[in-house]
2 protein chains.
Amino acid sequence: MYSGLNVHLVPHTHDDVGWLKTVDQYYVGSNNSIQGACVQNVLDSLIPALLANRNRKFIYVEQAFFQRWWREQSEFVQKTVKQLVKSGQLEFINGGMCMHDEAATHYIDMIDQTTLGHRFIKQEFGVTPRIGWQIDPFGHSAVQAYLLGAEVGFDSLFFGRIDYQDRAKRKGEKSLEVVWQGSKSFGSSAQIFSGAFPENYEPPTSNFYFEVNDASPIVQDDIDLFDYNVPDRVNDFVAAAISQANITRTNHIMWTMGTDFKYQYAETWFRQLDKFIHYVNQDGRVHALYSTPSIYTDAKHAANEAWPIKTDDFFPYADRVNGYWTGYFTSRPALKGYVRFTSGYYLAARQLEYFKGKSSSSPNTDSLADALAIAQHHDAVSGTEKQHVANDYAKRLSIGYTEAEKAVAASFAFLTKAANKTDGRTPQIKFQQCPLLNISYCPASESDFSDGKDLVVVVYNPLGRKREDVIRIPVANENVVVRDSSGKEIQSQLLPIPDTFLGLRSYYAKAYLGVSPSVNPKYWLAFSAIVPPLGFSTYYVSKAKQAATISDSHREYRSGSQSDTFEVGLGNLKLIYSGKEAKLTQYINRKRKVKESIDQTYKFYASYGDDFTDDAQASGAYIFRPNGSSIPIHYNKKSPLTVFRGPIVHEVHQKINSWIYQTTRLFKGKEHAEVEFIVGPIPIDNGVGKEIATEIKTNLASSKTFYTDSNGRDFIERVRDYRKDWNLEVNQPVAGNYYPINLGIYLKDKQSEFSVLVDRSVGGSSIQDGHVELMVHRRLLNDDSRGVAEALNETVCVSDKCAGLTVLGKYYFRIDPVGEGARWRRTFGQEIYSPLLLAFTESEGNWGDSHVTTFSGLDSSYGLPENVAIITLQALGNGEVLLRLAHLFEIGEDVNLSVKSSVELKKVFGNKQINKVTEASLSANQERAEMEKKRLVWQVKGSSPEPKVSRGGPVDPEKLIVELAPMEIRTFIINFKH
Amino acid sequence: MYSGLNVHLVPHTHDDVGWLKTVDQYYVGSNNSIQGACVQNVLDSLIPALLANRNRKFIYVEQAFFQRWWREQSEFVQKTVKQLVKSGQLEFINGGMCMHDEAATHYIDMIDQTTLGHRFIKQEFGVTPRIGWQIDPFGHSAVQAYLLGAEVGFDSLFFGRIDYQDRAKRKGEKSLEVVWQGSKSFGSSAQIFSGAFPENYEPPTSNFYFEVNDASPIVQDDIDLFDYNVPDRVNDFVAAAISQANITRTNHIMWTMGTDFKYQYAETWFRQLDKFIHYVNQDGRVHALYSTPSIYTDAKHAANEAWPIKTDDFFPYADRVNGYWTGYFTSRPALKGYVRFTSGYYLAARQLEYFKGKSSSSPNTDSLADALAIAQHHDAVSGTEKQHVANDYAKRLSIGYTEAEKAVAASFAFLTKAANKTDGRTPQIKFQQCPLLNISYCPASESDFSDGKDLVVVVYNPLGRKREDVIRIPVANENVVVRDSSGKEIQSQLLPIPDTFLGLRSYYAKAYLGVSPSVNPKYWLAFSAIVPPLGFSTYYVSKAKQAATISDSHREYRSGSQSDTFEVGLGNLKLIYSGKEAKLTQYINRKRKVKESIDQTYKFYASYGDDFTDDAQASGAYIFRPNGSSIPIHYNKKSPLTVFRGPIVHEVHQKINSWIYQTTRLFKGKEHAEVEFIVGPIPIDNGVGKEIATEIKTNLASSKTFYTDSNGRDFIERVRDYRKDWNLEVNQPVAGNYYPINLGIYLKDKQSEFSVLVDRSVGGSSIQDGHVELMVHRRLLNDDSRGVAEALNETVCVSDKCAGLTVLGKYYFRIDPVGEGARWRRTFGQEIYSPLLLAFTESEGNWGDSHVTTFSGLDSSYGLPENVAIITLQALGNGEVLLRLAHLFEIGEDVNLSVKSSVELKKVFGNKQINKVTEASLSANQERAEMEKKRLVWQVKGSSPEPKVSRGGPVDPEKLIVELAPMEIRTFIINFKH
């Protein structure tokens, strides 16, 4: 039965790009008291170990570390390593900067960080990684499989963590290895051979570890010494191999010979593996070989086997009965928000950098690219790192942002400079930006304008379509007027800034910037900006003789008031509130014929602590384990609803309690509600951790079913207390139904479709039909025993006084007739990801006389179709441009928009002459055609016929029109004529 | 003040040749759960690390490990290593097989194990180690300094452990570095520059450790990464350097950069040391350099400084108030006994191997040489290893012994074969030996002789002088007769074997051999053998018609008996006992006019346990910490003295209690008493460990002063509660006065000299004037927190039933007129070390007719002078012979014998023609003349004029007479003409 069993020994190290230590600490091996780990040791010691025996192989994964090492090496070592890569002894696997998370990451970030790694590998070594290797992330996404797997050109994808119930079933039916079709739209055209490991990504049993000082018995084969143990060790090996063969199809099994930060002295492993291979093969019962996931994949492929099929994804992940890893979907919401903010900024900044022309010697987006790439690590944006490491990620993002901000400012200075209106003496315009606008901190706009200077606001739209959106900036007083590019005064609205916002502003400015703002702005100034695609408009804010429109403010609607209900909304969408109950009651969009009961509340889950029992499982950074059902957070009756009304926006303010403040906004011309919440510091004085959720309740008969996105891209159907792949034993009725949300969540019944979109990665669910909940913040007092060894208790300190972290975030909701929700989710989702980018400067004279005030990167009349987005437009530094176009809709999602669409490249690059367009793989490290040609074809067991898959055709080099079928992302390298 | 301060960084690893793990386990890195340690890693990783930077240096010490590694290496690696040694990057330091203990080791073993290492190094690398490096042994001996230091050709000696009070004083007066004159006889002619480290043999502070995963801050000098810390680390370095400079003479200090089993991945240390050297020297306050103890020694020498002088030794060692490391002088007395037994056997076996001609393809003494060398390690014979490691040493000795036994048997077969009396058909005689004669187990002699066969006993004398000694072998019954070589019947005596001996015999035969002897011998047969120097005589034991002389047995002398006292003794020496008190009372030697009161008893110290107080310090394998004064062990009044008298020996048997049995023997023609004790199992049922001492009390007015040997060689004056080098603060009035004893201990007053000699290494003292005590056994229930992490509770098991270890041992005492004791101590001491070696075979006919029955390796009429011993006579395998001659007396020790003496080499090798005699250094790795020439000359501070040192002159190549001055050991390589 086991004759010819091949044991593929894959020597590997799993090097977290930050977790218990920072990425730099892991690299150099400092802070070892926290964790003994030094990647420099691994790579330094690897090279002689590989040279010592040409049969030895090793895979290296995390390019953030490899690149640090590579730039330190001598030319000689680099040459040696190139040889090792060429000979196949050293293989790059996965190949992104990090092994990104799959729950809390946005697909654009996943693509970017993978591209960064892959292009480096291609450039230095001329190779393209073939294998996805997501061995540690805590659950696995459909987008990872089909987009970051198949579309990257990978032939297989391996991972370690799947639900324990799922794993048990798969072992029994030998279906740990499957063909995964992660995309409804692409079906088998984007399938990938995928293997979940039998246990984890470590050696098969506890006695095959060979790090320096590891306790596994070494193979003692020197007959001149005592304790000769070759027969024992060969038996151990064969037993472990047979055990794995029993749950595996074909006569090939893989052993992951390594684990976290191992091979610090690589020789210790190879010395033993050499011996195992020698003596096991001499024994002959099984065959052992040095291998890599590529070799293993090829062997699997050659076996000519039909594989079980897998669709959807592997979320949520539980490693044991009460161990649902669904807490990290929300852990560190501020870091998650900062990652999303900088990610959107990076997309826009690259466009602007490209418009000006990128230079490596002046400020550019490279360090932001690096910081963002690292932040996608599965212990970074996931929130599962130690606090000091979270600080390190934020610091890197901040440094990267600050440099990108300079590049953006330089680009604006370049783009606004009117060639015919300036001379050499005109000083370079200094543009300021306001990254802390979220806490109402924007020194540029808080000027009192009394010196007669205009505030010039350049508003950039990174989207490929013209866009109208409301700008909100803090201003010092009410005597302001807003004019557009042409100088025409436009409507604006002043909104008083509540004390809660001002308190947040001053506390966090002090905590994070070390400054106490001298000015306290009194108002938010809101006005509507209209901006061309990939372009900017200019607005001016100046001193006015009289006050601008101050919002009409009502602090009524206390309980007992006569007029019990009131309506809010400027256009089609109206929200009806009960003043007495101080709550939202109804959602009405007459134009769309939608009228639904609705309620929106906050609640919390008391976190399970350490109870010292056998099934002790605290809620922690990874794990969400509520102690019982959720507990409602009652509205503070003494503090009434306050409504602000004006021509631009209606706002309903609710101070729910001393640590939750909420603003609901309805903008002119928009048909969704925006909810901004300020949550924190979460009280822990009763010694119990709390996980805060907001819940929006409708009466939709959603039949246990809801939909959440996969990394901001495809929506996947979720059914409460149910898994498609096995009969779920429900142990955690809440935590076990949580899913990661990056774009949004929706549910529907026969009439309506209720959608909620988010501004960052969060966890959420629908625990009752018609209800949607999002977990917005967590503050915990126990560690959940998955390694981080810290309670997730984020605090912010001013002068040594620390308070729990306050989180400010937004979500957006909308109800549509059934079948009509996708349009908003997709197009507005793109707007959330890519908000308008504001830059400020002051002008004494008439700015417009001497500056360019409007600009579009596209051909003047051109805009992208509604269902397509430019997700990358980036100068590659060699005169080439990287362009990625993404169709935003899945098949069947929208009657009108789930169709093939076209983009005219000539008009996208209206001012340039395209020389050559090369379609590339998603990570832009090989030609798409080459990738298609190499792709392994896998047989699927009993697959049913699938609908015909639609893809855009080849790009005609003359017409240069790119077709995009639903969900298609096409990547191009574009050369221009000079 | 510190300008020009040079910090010598000495990268090193301290690789115990067995301690918590066995030597093989340490080498291959198995059993890592006990201790993470793998010497193979150290040496494997070292080579590329040294090649990577030609400034890097490393020292390697323990040749037992190095030789294991060396024989595994390819020719290419060997060539590389030879280059590294040649260039000085890799230096062999110390260079013995192990870093031997200095308390429990015999000087002959120290020489042998050093020679084994040194000659290997010379042979493979052509170099001679220059430096003694005894960094871990627990106290330091005079013999180490002058004999294994200066006489080996070392230019300096470094060590880590000296008494904490001594160290404090030396730091204050900058006298950690001294010139040590360890020998009274040799004075400055055998002095050595010696340095005690300021703290230990580790890096200067806790933050300079750079093993894989060590927590010391690495030097982070990459400005592209966070946590750049070069200035901080340079400051740390400079501060540590200045601190050490403050207690050190000259502007050179040494840092021992390593510790136990470090450099498993050598690069981790060197990477940091490279950086320290670079940045510290860039800083310029102090100068850092890669160095070795040799370079450091040369720098010290070049400084032209006069050094404080040190005489005697560094015993005992205490590392803190109650931490006297004097327990290990006795720990594992059975192992210590086994080491001594095999050591003596090895000396004799090499002689016999030489007589026959050594062959590497037939059984030889090499594996015994290896086992003995390893057993000298400072955690081997010291008794401070874990039990499983002690077992490993014993196993190696046993394997080595078994092979040597075959070589000896073959040699006897060769030597007894009469060339003219045998033909080719004569079968090879199989000689049996009886290594378990100590437990009365000797199958060869236990035959019942009823088949008419004679038992042939070949008695070999390894000493250079003719010798008469009593043989004792167990026999099955009384009808035996003994004849000498000429066939003449000689006097013999039968001694009934008491039950205690028989019990011991059957228990240990079962426990160690797995056999239950079928015969229970009834008697010891004793007879006197006369044996030529380096030769043998033959005796025959046969069946007799009537019984041989059975000892006259008296079981009288119970208390209350009329005749209260009785006398025992066959010749000049008489011991007087009180029957009533059942004890020895008087020692009388009329011929020598000695008459002294004497008493001899047993007592025990209750061991201090774990009391959980701040000064908790249990007695353990290392530490002797008695809980209060000793407690007498009272003689069991119900069990009388039993006296056996006969023509050969008088014996007094005393069953002290259920676990102590003692036999006192007075032999015909000898003027000392032999005491054989059987101690154990020590009872521990009251939960208290016990340390058993025997005490011999005289009335000598010894004025606190007594003398103990240094490694069986020089005697050193000890004064109770006093140290010559500092004002002793007495905290442990017993433990702090214990000293190691390998040969003996004596004390004296104006009339008499009382000497006690031992059969193995033990601890002992004179806690009251006139009294001598020896600690003979220890059984402890706590670990003493010095790393071994086991209580020293030795047990022996039969079929899973275990009992505390029983120890059988001997000591010898004698009282001489003052000034006359040395002769016995020296000459009989040599006899104890080299007992007669017995080999047995059976003969049917007349053995003497067809066999050589007497033999001497010397010229027939020649014998060595009484004051000289052959301590090595060994075939080197290349036709050369290694000969070491040792003068046995110190200057002034004996009026007649402390004089220059001569040995005629022509007569030593009477049957061979000497071609060439080359005098070598003690470890036989260089010519003595060459060594003398290279020797560094050191200046001593305020040294007083010393008596003229006497040394033997050069050997005239014609006369070939070797002169030996007192204490001189001369080493020769001898070539013969063919």
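Keep in mind the model is a prediction, meaning the values are calculated, not measured.

A.B. asks: What is the right way to read the overall build of chain A from this model?
C.D. replies: Helix and strand counts for chain A come out as 18 helices and 48 strands. Taking the principal axes of the C-alpha coordinates as reference, chain A spans close to 100 × 70 × 60 Å. Of all 978 residues assigned to chain A, the portion counted as buried reaches 65%. The long-range fraction of contacts in chain A, counting pairs at least 24 apart against all pairs at least 6 apart in sequence, stands at 76%.

A.B. asks: So what exactly am I meant to see when it comes to the side chain of Asp784(A) here?
C.D. replies: All names here are of chain A. Structurally, Asp784 can be placed in the loop between β36 (771-779) and β37 (795-798). Of the side chains with opposite charge, Arg786 comes closest to the buried, unpaired Asp784, at an N-O distance of 5.8 Å. Within the local environment of Asp784, its side chain forms a polar contact with the backbone nitrogen of Ala621, the two atoms lying 3.2 Å apart. Among the polar contacts listed, one links the side chain of Asp784 to the backbone nitrogen of Ile623, at a separation of 2.8 Å. For Asp784, the contacting residues outside a window of four places in its chain are Gln617, Ala618, Ser619, Gly620, Ala621, Tyr622 and Ile623.

A.B. asks: Help me understand the pairing of strand β28 (residues 673-679) of chain A, please; the structure alone is not making it clear to me.
C.D. replies: Across a regular strand the side chains alternate sides, sitting on one face of the sheet and then on the other. All names here are of chain A. The buried count for β28 comes to 7 of 7 residues, which makes it a mostly enclosed element. From the end of strand β27 (residues 660-667) to the start of β28, which pair antiparallel, there are 5 residues, and Gly669 there has a positive phi angle of about 80°. Two strands pair when backbone bridges link them, and β28 and strand β39 (residues 807-817) are joined in this way by 7 bridges, in the antiparallel orientation. Across the sheet, residue Ala673 finds its bridge partner in β39, namely Phe813.

A.B. asks: I tried to follow the nonpolar core on my own but got confused; where do I start?
C.D. replies: General note: in soluble globular proteins, nonpolar side chains tend to be found buried as a group. By size, the foremost hydrophobic cluster in this structure holds 462 residues, and its most contacted members are Phe813(A), Leu885(A), Phe813(B) and Leu885(B). Not counting residues within four places of it along the chain, the set of residues in contact with Phe813(A) comprises Leu575(A), Leu584(A), Tyr587(A), Ile598(A), His672(A), Ala673(A), Val675(A), Phe754(A), Ser755(A), Val756(A) and Trp824(A). Of all hydrophobic cores here, the second largest spans 37 residues; its members include Ile108(A), Val178(A), Met967(A) and Ile969(A).

A.B. asks: Would you take a moment to explain the relation of the copies chain B and chain A for this structure?
C.D. replies: Mapping between the two chain copies consists of a rotation about an axis together with a translation along that axis. Expressed as a screw transformation, the operator carrying chain B onto chain A has a rotation angle of 179° and an axial translation of 0.1 Å, and the superposed copies differ by an RMSD of 0.1 Å. Look at the turn and shift together and you get a two-fold axis relating the two. Taking C-alpha positions as the reference, the residue of chain B nearest the rotation axis is Tyr265(B), at 2.9 Å. The residues that chain B uses at the interface reappear at the interface of chain A in 97% of cases, marking a shared surface.

A.B. asks: Explain the packing of helix α11 (residues 333-356) of chain B against helix α13 (residues 387-416) of chain B to me, please; I cannot follow it from the model alone.
C.D. replies: Helix-helix packing is characterised by the crossing angle of the two axes and by the distance between the axes. Residues and elements named next belong to chain B. At a minimum axis separation of 9 Å, α11 and α13 run at an interaxial angle of 30°. The pairing of α11 with α13 is recorded here as roughly parallel in orientation. Handedness of the α11/α13 crossing: left-handed. Its residues assigned to classes, the contact of α11 with α13 comprises 19 nonpolar, 3 polar and 3 charged.

A.B. asks: Would you explain the confidence of the model for chain A in this entry?
C.D. replies: In regions of low pLDDT, the predicted coordinates are not meant to be interpreted in detail. In this model, chain A carries a mean pLDDT of 94, and residues with pLDDT of at least 70 account for 98%. This prediction of the complex comes with two scores: 0.95 for pTM and 0.93 for ipTM.

A.B. asks: Looking at this model, I keep getting lost on the pattern of salt bridges. Mind explaining?
C.D. replies: Pairs can form between side chains of opposite charge whenever their charged atoms are close. As enumerated under the stated definition, the model contains 123 salt bridges over all chains in all. Across the pair Arg271(B) and Asp44(A) runs a salt bridge, and its minimum N-O distance is 2.9 Å. On the criterion of chain membership, the pair formed by Arg271(B) in helix α9 (residues 267-283) and Asp44(A) in helix α2 (residues 39-52) is interchain, its members lying in two chains. Using a relative accessible area of 7% as the deciding quantity, one classes Arg271(B) as buried. Residues Asp136(A) and Arg161(A) are paired through a salt bridge, measuring 2.9 Å at the closest nitrogen-oxygen approach. With Asp136(A) in the loop between β4 (131-134) and α6 (142-146) and Arg161(A) in the loop between β5 (156-159) and α7 (164-172), this pair connects stretches of sequence that are 25 residues apart. Here Asp136(A) matches Arg161(A) in class, with each residue buried. A cluster of three or more residues bridged by salt bridges with shared partners is formed by Arg472(A), Glu651(A), Arg665(A), Glu674(A), Glu676(A) and Lys810(A).

A.B. asks: Just to check I follow, could you spell out the side chain of Ser551(B) for this structure?
C.D. replies: Residue and element names in this part refer to chain B. With respect to the helices, strands and loops of the structure, Ser551 is situated in the loop between β18 (535-543) and β19 (552-554). At 2.9 Å, the side chain of Ser551 forms a polar contact with the side chain of Gln493. Polar side-chain contacts of Ser551 include one of 2.5 Å to the backbone oxygen of Leu494. With near-sequence residues (within four places) excluded, Ser551 lies in contact with Gln493, Leu494, Leu495, Phe644 and Arg645.

Conventions adopted
Residues numbered from 1 in each chain as written. Chains lettered and ligands numbered in written order. Predicted model: local features only at pLDDT ≥ 70, side-chain atom pairs only at ≥ 80, totals over all residues. Heavy atoms only, no water. Helix = DSSP H or I, 4+ residues; strand = E, 2+ residues; numbered from the N terminus. Buried < 20%, exposed > 50% of the residue type's maximum accessible area, 1.4 Å probe, protein only. Contact = heavy atoms within 4.5 Å. Lys, Arg positive; Asp, Glu negative; His and termini not counted. Salt bridge = Lys/Arg side-chain N within 4 Å of Asp/Glu carboxyl O. Polar contact = N/O pair within 3.5 Å; in protein donor to acceptor, adjacent residues only side chain to side chain. Pairing = 2+ DSSP bridges. Core = buried A, V, L, I, M, F, W, Y, C linked by side-chain atoms within 4.5 Å. Least-squares fit on C-alpha atoms with pLDDT ≥ 70 in both. Axes fitted to C-alpha atoms, helices over the stretch in contact; angles between N-to-C directions. Parallel < 35°, antiparallel > 145°, perpendicular 65-115°, else oblique. Left-handed = near helix turned anticlockwise from the far one by under 90°. Nonpolar A, V, L, I, M, F, W, Y, C, P; charged D, E, K, R; others polar. pLDDT = per-residue confidence, 0-100.

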